[in-house]
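# Close look at the chain arrangement
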Amino acid sequence: MKTRALAMVLVGGRGSRLHPITKRKAKPAVSFGGKYKLVDFVLSNLTNAHLTTVGVVTQYEPYSLMNYIQHGATWDLDIPDGGIHFLTPYTSYEGDQWQKGTAHAVRQHQYFIDHYNPEYVLILSGDHIYKMDYNNLIDAHAKSGAHMTMGVFTPNDSLKRYGVVNIDSEGKVTDFEEKPATPNAHAYASMGVYVFTQECLKNILNDETQEEFDFGKDVIPKALRENYDVRTYRFDGYFRDVGTIENLYKTNMDLLDHPEYLKLNDYNHLPLFTRSSDMPPHHVMRHDLIKTSLISDGCLVSGTVIHSILSNGVTIKEDAHIEDSLIFSSAVVGENSVVKNAIVLEDTIILPNTELVFDEVTVIDNETLWALGGEGND
Amino acid sequence: MIDMLVIIDASHRDAFDKLTLHRTPGALPFAGKYRLIDFTLSNIKNAGVINAAIFPLGNYRSMQDHVGSGKRWNLDRRNDGLFILPPKNMLLPGEEMLSFQRMHEHIEYFRRSPQKYVMITPPSIVWNTDIEKLLDAHKASRAHISEIMHGGKRLKTFIIEKRLLLNYILEYDMIPYKTLKDLIVDPKIDKNMIDHEGYTSMITNPYVYLKSNLDMLKFEIGKTIFSNDYPIISKEKPAPPTFYGHDARIANSMISSGTSVYGTVENSIIGRDCIIQKKSAIKNSVIMNNSVIEEGVQLNNVILDKGTVVKQNTVLEGTPINPFVTQKEQIITDHSGLKVLMVASEVHPYAKTGGLADITGGLSRALSKKGIEVSVAIPLYKSVKENYHESYQFVTSHTTEYKGEKQEVRVHVLYKSKVKYYFLENFKYFERPSLYGYEDDCERFSFFNIVLEEVMDSLDDFDLLHLHDWQASLMPVLMKVKRKKPLKSVLTIHNIDYQGLCNPEVLSGRVMPFESERLNFLEIGIAEATRITTVSPTYREELRHEYYAKNLTYPLARRDRDFYGILNGISSKHRPIKDPLILSKYDVNDTFPKTENKLFLQRKMKLSMGVRNFVVAMVSRITEQKGFNLILEAMDHFLEKHDTVQFVLLGTGDESIVERLKILKDAHPTQISLNIGYDSAVPNYLYAGADLFLMPSRVEPCGLGQMIAMRYGTLPLVHKTGGLADSVEPYDPISKQGTGFMFDTFEVEALENTLENAYHVYLEEKDVWKSMVRRAMQVDFSLDTQAQKMLEIYQTLFNE
């Protein structure tokens, strides 16, 4: 079957501002909404759009992500025609192919694009939160006859965080600036979602001589400079790029306060798929208070949970109190402990009678607890 | 890797009633996100079994959908893997266990599979077991066949070498056993019993289903079933974590993904994607996927099947033994104040010729106790007029044109124990000495239906009609042609042999939506009623076949989805502790006085008095249908062989059979007491005094005698058919449990063997017999249970 469009999903980002959440995993493998991982969004969007030829471009801490995605069966991407391909850095005749920037990474895997020889190539990030039908983007791109179309949106916060796009009356991109100091108020932000006509992508990437290059920083300005036809596609849905801990936390909390944003219960339109935990439904053991919270499979809850999200297999012991927090999978909160305004990472064990109450959102893992305990002993 | 293949025996349906109407038991949802078969498949996976075959019953779509290629359980293989081996006859009724014959249909599978051993197990056991250990135990025993049991209970699970199994399969039509379960009873077989420790529950009925689900909420049990090292794997649908709203109150419950909780949930299991609205309270219940509980709803001991919607302020209350069960995708409304009009030809105590009156009367009273406003309409027969004219009151009169004459109908009402009885008075048609048996019966009941339809709006504002047998079957169609919004109706078929066949003239010009040269009242009722019920679940299954349903097979098949089997209940007056008609009263705690009753019976029947004599009794109409062809022959042999056996018969009927019975009596004059034409209305001393109650009917829609006998601690011996199959739990020689004796093939030899078995247990295993008597006395055949099941149907009829 001829592949109309192929997707390159960039999952190599370090997500350094999310440290220590990303200490042992790539950003797309970060937990979200209890039972999801960030990468679920892009993979679900792809399968919902029947775009089943997917290159997953990895580099930073790939193990947990590869182990999670496996053959892609969760997203019905384990098919003989295409499916999921992990594209890892490799050693070739020319030397080690270490990725230097997002566009550089894609160029290293040009052989993969050539193999399927699609009309269009979709460049996506593995760490964005949004439900989007990529076919609309591709159709708009095909209809306009542009060389490249960028997905853009109007952010709910300052444009300064984003790549900012100005367009003319025909929708053509006139200029593009990464994180501008004084953005035009009517400009759009780039989602980091691009569709290229294949030839165009090949040409732009291949005659690049720079050692390090990114799509945002280098490829777009270059395409504009060289007078490629670059257009935008406006996405009106909910879109978040959770670059910081604060953002990650807020976006999670949107699920509690504004379930209508992502509509996770809507299985008819762009359902979100995630790998099964193979755990039984969670068990609320005692008559305790659970308010405005999301609780995932395998949890054992004997304490109070208020305005919080529990991932798979979390244990909340008797009389523990969880408030305004995210508890990642398999963490244990001991008897009588209080956790407020925290992100408790995977497998963290909070001993009984521990008080972890913060004014600002704080990430807790076994190491930070160790440090806190150490302080306490002084 | 383990050198064994596993046969998943999904060939039975068990007593699940509505829950398995459209799915096999293995496909039943369990513990929120699982289906029963997941436990067996996960045990298979965890043991490294790579070859498994499912033998499903007819409708296995939902199971097929669930297991897919078996990938989740590592059964998606190039060699071996997962097989689904359907029956050749898709309409096959459920079997007790997978037969050699069905295995023979797929003999190639057994031949091709390279594994040395075979395990056969049903998909309806909740357990987390190490199959490899079971195989090791079998090997160590060196027995030919091992049966896996749990605390003395049988699990229909066996391990056998494939070579041996193949022999049985190939010779299935020559050996006297249908299944491994039968085979293992043979004393010549070298067998071994393996007791499986750890939580094990074979789900066979709604009671066990509810209990086992709630067992998962006991942490000590739940953690052994949902072990981290040996996980239970299921097919998972995408669903976000459970959402708890601001007012949610939860105690000891498991709630699956995708569900939103705003109300109170206690000690319950909630499936995926349910909505539980505020001010609702769910206790001790199992709610399956996609159900919606609206505001103000209260549930206790309820099983809601998938997609059930419970409308605002509805209260559903079952008991742990008899949970309130709904059917898939139904809308349940509040029933308080629901007004039901029963339409029948007879009702106890006013007009009675047989069992129908007891059922319409008993059901009406039981429903009214449950908060339903019940009215009953029957013709005013002469006998009713004579006996009750001082008790009832005139309500209204109505004149109608019928067959060229003006007919006046006067309606009277009698209000008793919260039930309203309406009597329709008409001299020409109803005021005759007998209830029926007239040439113009069709005309009479056609007239009854026509005038009732015309007059009923002036009686009350009914919500629903419950129609009984052909005599009420025209009501739905009469309403359909006359009303914009006909009332909903439930038609109960008590006896399918009487259908009301007649000339369309009896409609006297009333239009019908169809034309026909001949009217069949029951057929019309079946086509037009909103729901149809019959008197036992097994009979309902049997009615799929021409042998039972005859000319109505196809009309019933078309209503298969709206057709239910509900076992009749019996009145609580049948209780040996309260019965003034027996010599010594007794109850389950002390059955000793039964002996005195036995001696009394023997004296009364002029049989030699002796406690050790084995008294076999029958109370029956004497017809071929009641199994007399078998009885005559089998009893002859049985009495010949044992001079300590005595046979007492009460009944009237077919002259030719009576003649043959008299010959039998002459052959064994001291052992038989024949009471032909005897007043069988009060045979209670017989129920109280006998040891065994014989009821080997060829066909028996429900049957009453076996239930009464059980209440009196007299074990029934029955043929496996209709209500007999539903009310008697057959004695099992391995687990030594049961409430009676049952034979399957309708042959003299089978009856004779079963009589011998029963007598053997009576003589040699006195403790087993006693425990069976106690068990039999405690079986619930209450009218209340029947009424609850009827209510489950009523409550689904009103959406919006």
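Residues numbered from 1 in each chain as written. Chains lettered and ligands numbered in written order. Predicted model: local features only at pLDDT ≥ 70, side-chain atom pairs only at ≥ 80, totals over all residues.

Across its full length, chain B carries 27 helices and 44 strands. Computed over the C-alpha atoms, the radius of gyration of chain B is 28 Å, within 12% of the 28 Å expected from 2.2 N^0.38 for a compact globule of 800 residues. Here the C-alpha coordinates of chain B stretch approximately 85 × 75 × 50 Å along the principal axes. By sequence separation, contacts in chain B at least 24 residues apart represent 64% of the contacts at least 6 residues apart. (Helix = DSSP H or I, 4+ residues; strand = E, 2+ residues; numbered from the N terminus. Rg over C-alpha atoms; globule rule 2.2 N^0.38 Å. Contact = placed C-beta atoms within 7 Å.)

Residue and element names in this part refer to chain B. Judged by pairing direction, the sheet is parallel, and its 6 strands sit side by side in the order E41-E40-E39-E42-E43-E44 without closing on themselves. Of all the strands in the sheet, just strand E41 (672-676) and strand E44 (741-743) have a single pairing partner and so form its edges. Averaged over neighbouring strand pairs, the angle between their axes works out to 15° when direction is ignored. As judged from the 5 bridges shared by strand E40 (residues 645-651) and E41, these two strands associate in the parallel manner. Each bridged residue has a counterpart across the sheet, and for Leu 650 the counterpart in E41 is Asn 675. (Pairing = 2+ DSSP bridges. Axes fitted to C-alpha atoms, helices over the stretch in contact; angles between N-to-C directions.)

All names here are of chain A. Across the 10 residues of helix H1 (residues 39-48), 9 count as buried, placing the element largely inside the fold. Val 39, Asp 40, Phe 41, Val 42, Leu 43, Ser 44, Asn 45, Leu 46 and Asn 48 are the residues of H1 that are buried. Backbone geometry just after H1 places His 50 at a positive phi near 60°. (Buried ≥ 20, exposed ≤ 12 C-beta atoms within 10 Å, placed from the backbone.)

A few words on the interface of chain A and chain B. At the junction of the two partners, chain A supplies 29 residues and chain B supplies 27 residues. Partitioning the side of chain A that touches chain B into residue classes produces 13 nonpolar, 11 polar and 5 charged. Summarising the sheet, strand E17 (residues 288-291) of chain A and strand E13 (residues 249-251) of chain B pair through 2 bridges and their orientation is antiparallel. For Leu289(A), the partnering residue across the bridge sits in E13(B) and is Arg249(B). (Nonpolar A, V, L, I, M, F, W, Y, C, P; charged D, E, K, R; others polar.)

We now examine the nonpolar core. Ala7(A), Met8(A), Val9(A), Leu122(A) and Val344(A) are the most contacted members of the largest nonpolar core, which totals 205 residues. A total of 7 residues in this core trace back to one element, the largest contributor, which is strand E13 (residues 188-197) of chain A. In this structure, Tyr381(B), Leu487(B), Phe521(B) and Ile566(B) belong to the second largest nonpolar core, which totals 81 residues. (Core = buried A, V, L, I, M, F, W, Y, C linked by C-beta atoms within 7 Å.)

All names here are of chain A. Domain assignment breaks chain A into domain 1 (5-262) and domain 2 (283-377). For domain 1 versus domain 2, the distance between C-alpha centres works out to 33 Å. Opposite the 12 residues of domain 1 that make contact, domain 2 presents 18 residues. The element that contributes the greatest number of residues to the side of domain 1 that touches domain 2 is helix H8 (residues 245-257), accounting for 6 residues. Across the side of domain 1 that touches domain 2, the residue classes tally to 6 nonpolar, 4 polar and 2 charged. (Domains from an automatic or database assignment.)

As a further point, take the domain arrangement of chain B. Here chain B is partitioned into domain 1 (4-214), domain 2 (237-334), domain 3 (339-565) and domain 4 (594-781). Spacing between the C-alpha centres of domain 2 of chain B and domain 4 of chain B amounts to 46 Å.

A word on the pairing of strand E39 (residues 614-619) of chain B. Residue and element names in this part refer to chain B. A large share of E39 lies buried, amounting to 5 of its 6 residues. Strand direction decides the pairing type here: E39 and E40, joined by 6 bridges, are parallel. Along E40, the bridge assignment pairs Phe 614 with Val 645. Handedness of the E39-helix H20 (residues 628-641)-E40 crossover: right-handed. Two elements, E39 and strand E42 (residues 692-695), share 2 bridges in a ladder whose sense is parallel. Bridged to Val 616 within E42 is Leu 692. (Right-handed = clockwise from strand over helix to strand, strands pointing away.)

Overall, the predicted model of chain A reaches an average pLDDT of 90, with 98% of residues at or above 70. The least confident element of chain A is strand E7 (residues 95-96) of chain A, whose mean pLDDT is 70; the most confident is strand E24 (residues 326-327) of chain A, at 98. (pLDDT = per-residue confidence, 0-100.)

Time to look at the packing of helix H14 (residues 475-482) of chain B against helix H15 (residues 521-528) of chain B. Residue and element names in this part refer to chain B. At a closest axis distance of 8 Å, the pairing of H14 and H15 adopts a crossing angle of 60°. By the angle class used here, H14 and H15 are oblique. Here Pro 476, Val 477 and Lys 480 of H14 lie close against H15, whose contacting residues are Ile 524, Gly 525 and Glu 528. (Parallel < 35°, antiparallel > 145°, perpendicular 65-115°, else oblique.)

This part is about the sheet that holds strand E37 (residues 531-534) of chain B. All names here are of chain B. Spatially, 9 strands are ordered E30-E31-E32-E29-E28-E33-E34-E37-E38 in an open sheet, and the strand pairing comes out mixed. Looking at which strands have only one partner, the edges of the open sheet turn out to be strand E30 (393-402) and strand E38 (563-565). Strand after strand, the sheet turns through a mean of 20° between neighbouring axes, direction not considered. Pairing analysis gives 4 bridges linking strand E34 (residues 488-493) to E37, with the strands arranged parallel. Among the inter-strand pairings, Thr 492 is bridged to a residue of E37, identified as Thr 533. Contacts from helix H27 (residues 783-794) reach strand E28 (339-343), strand E33 (464-468), E34, E37 and E38, with the element oriented near 165° to E37.

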